[in-house]
Amino acid sequence: MLPLLDIVHAVGLLSCFALLGTSRIGACIRWLAFQGVLFGMVPVIVHDGGLTVRVALLALGNIALKGIVFPWLLLKLRARAHYNREVEPFIGFVASILFGVLALALSVWLALGMKPALKQAPFGMLDLSIFVIFVGLFLIVARRKALMQVIGYLVLENGIFVFGVVTVVGTPLLVELGVLLDAFVAVFVMGIAIFHINREFGSMDVDQLTALRG
Amino acid sequence: MFADQSIYAMLALPALGAALCLVLRRPRHVLATIVIVSAAEVAFAVNVWTEVLGGKGFVAAADEWFYIDAFSAFHIIVLVLVFVLSSAFAGVYFANETGDHPFTVPIARRFGALWLGALTAMMLVLVSNNLGIMWVGMEATTLLTAFLISLHPSRLSLEAMWKYLIICSIGIAFAFMGTLLAAAAVQSGGTVEAEGLFWTQLASPDARLDPTLMKFAFIFVLVGYGTKAGLAPIHSWLPDAHSQAPAPVSAMFSGFLLNTALYCIMRYVPAVRHALGGEFASGLLIFFGTLSILVAAGFIVFQRDAKRLLAYHSVEHLGIIALGYGLGPIGAFAALFHTLNHSICKSLAFFAVGRLGQKFGSHEMHRISGAIRADTLWGLALLGSLLTLIGVAPFSVFMSEYQLLRATVAAGAWLPLALFLAAGGVVFVSALRHLIDMVFGTPSLTAEPAREGAMACAIVMSAMGLLLLLGLWMPLSLAQAIGRAAEFVTGPP
């Protein structure tokens, strides 16, 4: 079982650095889809009790939504927006990668701090999930396009999902479904919002949203 | 009677109402539907409240997945009060929407469905025993209310909506981390099944919780839900959203959406007290509360837009409530009483500013002038509600703030006391300065104002009457109800 987790760990970290260093929005969406599928498999790998219906449902639901439905919606939005690159982000791509290195160190340190309290959690998944959360937050603040902020939000969600799977054993199915439903509606609502913003402003740059202050 | 059925009804009715609004053919019918649904909710809420206070102290349904104690029953009462007032006001407000923002059938349908949907979601938060479901409800309120802000899409309202959506989504994601950590804390403790993750289990004194994890959990929950509650320094979405939303929506945001988030934070407090002692949670609440009061006071001085002014007042008052929760039994009592007063008062203030804004064509304070002569009813409402808001006696906000001062003295919290008084003084002076010009200045309107209908009079009279009544006389039964609700936060005496 464990080598599988190591692979998830390594590839997961790699996907985060790819997200930090990529300017093409289409590529970012594909990396996001990849993460959705990869992390969707984590519940199946970490559960010692084997493949119960609950675990299978959870994994399938996550893979379907985060690996297929969300990326598809985002790609449709991108096609409508007539742009496919994040040019001139607030923080450049090299600096973003550097941030990634620092964030990784920080998340290993945080995971070490949490380790004694969370004995059952595999350590690699702990630091990976915290790192993914950092990367998601960073993408939200460092990118100019509204679509990239949505991608950042979904990366953040991915991180929290992994964290939840490895730290909490047996959340009720009802709650899991509610969380998935909320994520689904969130993407939908953000999509419609971007559509309106695009129509009203003629672009999706969030730095145009600066009329309200004080 | 039938208290558990009332819980189901309280959830089902607004959900069905929301669906109904989507197929109605006239805006008038939508506006009538939301009033009828809110009024029916009041009946159910009062039923549940009397059952909770008269009986075992709680009402439960669905294997305790729904669980209402005195704390949630009190919040439900405030919620339905705000909703019934705001729904009635929505009728007055949208009937007078003209010019750029006609209240067409599609907009009316969208408004009705999202409005009642938000009511359902907030009700779900308040009746849920499971902390996960509570979170689901909270996230749902964010998503449902986003499009209420940009009901009339414009550059400014879209900007406000996008900020609200992104900032609150991140906040709520943090709250989810907090929820997960609390679940992990329960599991590490090993005494109770984490299966349910009920706040009733977390709050019970026999729950053994891992202190480190519980500490992390509470910080995440406080910052996460605190974003939604508008606690400084994470309140940045709040003035934008409040100023751009239509007035009934701003009233509902300020009147109860913020309190819902604070309610979620408070559900974790007993568990934190058991795991880490009383100081940790109350210290953080006092810190964030005082900081919110200070930051809000600073911004209130420089405001030019009446709705932004009210929005910063919300930051201040939520800070006051959080401060009260941190100050022990007297403070928790004052905080709950203040919740009721602030919700009624702030809703009325937004009604008045919204309606005057329609007449004067702007929410800029220098363009609203001589309101009392241009429109006697709403001018008076603005005067009364703003005076109440800044704590003028004999209105009820004065009473709850006075109790809060007593609580700070009793707790020996001298620094918060001094800061609270200083900030209160600043707010008083600067708000009064704005208020005098708006209400008593030379009227800038030339046209003869239309007379307000009976509904508008009824809304203003009932809200002002309640604020005055509660300021002069606190019924014993209400005092007992609030006292029992406060016990949840501070533990039995």
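Residues numbered from 1 in each chain as written. Chains lettered and ligands numbered in written order. Predicted model: local features only at pLDDT ≥ 70, side-chain atom pairs only at ≥ 80, totals over all residues. Heavy atoms only, no water.

(A) Quick look at the packing of aromatic side chains. Residues and elements named next belong to chain B. On inspection of all chains with the given rule, the structure shows 30 aromatic pairs over all chains. Judged by centre distance (5.5 Å) and plane angle (40°), the rings of Y164 and F253 are tilted. A residue pair is termed long-range when its members are at least 10 positions apart, and Y164 in helix α6 (residues 155–189) and F253 in helix α10 (residues 247–266) qualify at 89 residues. For Y164, a relative accessible area of 0% corresponds to the buried category. (Phe/Tyr/Trp six-rings, centres within 6.5 Å; stacked < 30°, edge-to-face > 60°. Helix = DSSP H or I, 4+ residues; strand = E, 2+ residues; numbered from the N terminus. Buried < 20%, exposed > 50% of the residue type's maximum accessible area, 1.4 Å probe, protein only.)

(B) Geometry of the interface of chain B and chain A. Contact residues are listed per partner, giving 45 residues for chain B and 43 residues for chain A. Summing both sides of the interface, chain B and chain A together bury roughly 3,900 Å²; the carbon and sulfur share of this comes to 76%. Of all residues in chain B, R155, E159 and W162 of chain B give up the largest surface area on contact with chain A, accounting jointly for 17% of the area buried on that side. Along the contact surface separating chain B from chain A lie two residue pairs in polar contact (both at pLDDT 80 or more). Among the secondary structure elements, those contributing two or more residues to the side of chain B that touches chain A are α5 (131–149), α6, α8 (211–229), α9 (237–244) and α13 (306–325) of chain B. Looking at which element gives the most residues to the side of chain B that touches chain A, the answer is α6 of chain B, with 22 residues. Among the residues making up the side of chain B that touches chain A, the classes are represented as 29 nonpolar, eight polar and eight charged. (Contact = heavy atoms within 4.5 Å. Buried area = accessible area lost by both parts, 1.4 Å probe. Polar contact = N/O pair within 3.5 Å; in protein donor to acceptor, adjacent residues only side chain to side chain. Nonpolar A, V, L, I, M, F, W, Y, C, P; charged D, E, K, R; others polar.)

(C) Summary view of the layout of surface pockets. Residue and element names in this part refer to chain B. Approximately 1,000 Å³ is the volume found for the largest pocket. Forming the walls of the largest pocket are 35 residues, and the residues nearest its centre are S243, Q244, D305, S362 and H363. Breaking the lining of the largest pocket down by element, the ones donating at least two residues are α6, α9, α13 and α14 (328–360). Counting residues per element, the lining of the largest pocket draws most heavily on α14, which supplies five residues. Looking at side-chain class alone, the lining of the largest pocket contains nine nonpolar, 16 polar and ten charged residues. (1 Å grid on protein atoms, 1.4 Å probe; cavity = no way out; pocket = protein on both sides within 12 Å on 5 of 7 lines; lining within 4 Å. Points joined across faces, edges and corners; volume = space filled by probe spheres on them.)

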